[in-house]
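Descriptive analysis of the structure
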Amino acid sequence: MVYILLKYLKYHWIYSLVLGYFGIAIGLYLFTDIHILVPCLWKAASGYDCPGCGLTTALIALLRLEFREAWLENPLIYMFVPLLTGLILRDFAAFWRKGLVEE
């Protein structure tokens, strides 16, 4: 299982780097209050919030089990977390089946 997971992360190395960065950045923010997250480029350029503004803050609120705060930051978080989790699990299952067939 661990071997297939490492093989999957190597195969999807760009996703792994992005998820690793966000994991480290969110962990630093949660435990040490160090903020190294990327700011919203749309908001920086135009001054207006984009539909995705607040998703990272909402995810951090969800990780702290502050469900109301997550909803107030961006309600789309309740759609994106299950959707992305499902897509990643489906992709991993397909990768697993492909690996079992090749071996």
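As the structure is a prediction and not an experimental result, all values here were calculated from the model. All residue numbers refer to positions counted from 1 along the written sequence of the respective chain. Owing to the predicted nature of the model, reporting of local features is limited to residues with pLDDT of at least 70; listing and counting of side-chain atom pairs is limited to 80 or more, with chain, interface and lining totals taken over all residues. To obtain the side-chain values, all non-hydrogen atoms of the structure were used and water was disregarded.

One finds Leu 55, Ala 58, Ala 61, Leu 62, Ala 70 and Ile 77 forming the largest nonpolar core, which totals six residues. Every helix listed is a DSSP run of H or I at least four residues long, and every strand listed is a run of E at least two residues long, numbered separately from the N terminus. Per-element tally for this core: the top contributor is helix 4 (residues 55-63), with four residues. In contact with Ala 58, other than residues within four places in its own chain, are Ala 70, Glu 73, Asn 74 and Ile 77. Think of a nonpolar core as a cluster: buried Ala, Val, Leu, Ile, Met, Phe, Trp, Tyr and Cys residues, connected wherever their side-chain atoms sit within 4.5 Å. Note on exposure labels: buried denotes an accessible area under 20% of the residue type's maximum, exposed denotes more than 50%, and partly exposed covers the range between, all computed with a 1.4 Å probe on protein chains only. Any two residues whose heavy atoms approach within 4.5 Å at even a single point are treated as in contact.

Our focus in this paragraph is the pattern of salt bridges. Think of a salt bridge as a Lys or Arg side-chain nitrogen and an Asp or Glu carboxyl oxygen that are within 4 Å of each other. Under the criterion given, the structure shown has one salt bridge. Across the salt bridge formed by Asp 49 and Lys 43, the nearest N and O atoms sit 2.9 Å from each other. When its relative accessible area of 40% is taken as the criterion, Lys 43 is described as partly exposed.

Throughout, disulfides are identified as pairs of cysteine sulfur atoms within 2.5 Å of each other. Summed over all chains, the structure comprises zero disulfides. Distance from the sulfur of Cys 50, which forms no disulfide, to the nearest cysteine sulfur (Cys 53) is 3.5 Å. Note on Cys 53: no disulfide assigned, nearest cysteine sulfur contributed by Cys 40 at a separation of 3.4 Å. The class of Cys 53 is buried, set by a relative accessible area of 18%.

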